[in-house]
Amino acid sequence: SLAYTPQVERPGRDNLWTVEAEPYLLNIMDSPGHVDFCSEVSAAVRLSDGALLLVDVVEGVRTQTIAVLRQAWDERVVPCLVLNK
């Protein structure tokens with residue numbers, strides 16, 4: 001888990017002042033992309049509000065990558081594509 005409190009700078013009369021916004025609690029799950037772990041990926045997607053889809057540019061998009069992406073779409077989870085070299 002990661003506790004994150006964003007800080008926003010707002011202009012004041014004399015200078016800038018900082019306002020702390022509402023804190024966020026981020027729970028990060030790592031689920032394997034191998035076909036043998038399809039049920040674990042499906043369970044992780046159901047528990048998530050968002051997803052990072054990590055693609056190795058050397059290996060490229062594989063069959064299981066597409067399956068995981070479809071699982072996210074089926075659960076209405078918005079994925080963010082991350083390319084790793």
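A. Expanded view of the environment of Val45. Along the chain, the position of Val45 falls in helix α1 (residues 38-46). Of the residues examined, Val45 reaches a relative accessible area of 11% and is grouped as buried. On a C-alpha basis, the gap between Val45 and Trp73 in space is 9.4 Å, while along the polypeptide they are 28 residues apart. Ignoring any residue separated from it by four or fewer positions in sequence, one finds Val45 in contact with Gln71, Ala72, Glu75 and Val77.

B. Spotlight on the pattern of salt bridges. In the structure shown here, the tally under the stated rule is two salt bridges. Taking the shortest distance from any N to any O, the salt bridge between Arg46 and Glu75 comes out at 3.6 Å. Of this pair, Arg46 sits in helix α1 while Glu75 sits in the loop between α2 (63-74) and β6 (78-84), placing them 29 residues apart in sequence. Accessibility expressed as a relative area gives 52% for Arg46, which makes it exposed. Take Glu75: its relative accessible area is 36%, and that puts it in the partly exposed class. Salt-bridge contacts for Glu59 lead to Arg62; the nearest nitrogen and oxygen are separated by 2.6 Å. What makes Glu59 partly exposed here is its relative accessible area of 47%.

The rules we used
- Residues numbered from 1 in each chain as written.
- Predicted model: local features only at pLDDT ≥ 70, side-chain atom pairs only at ≥ 80, totals over all residues.
- Heavy atoms only, no water.
- Helix = DSSP H or I, 4+ residues; strand = E, 2+ residues; numbered from the N terminus.
- Buried < 20%, exposed > 50% of the residue type's maximum accessible area, 1.4 Å probe, protein only.
- Contact = heavy atoms within 4.5 Å.
- Salt bridge = Lys/Arg side-chain N within 4 Å of Asp/Glu carboxyl O.

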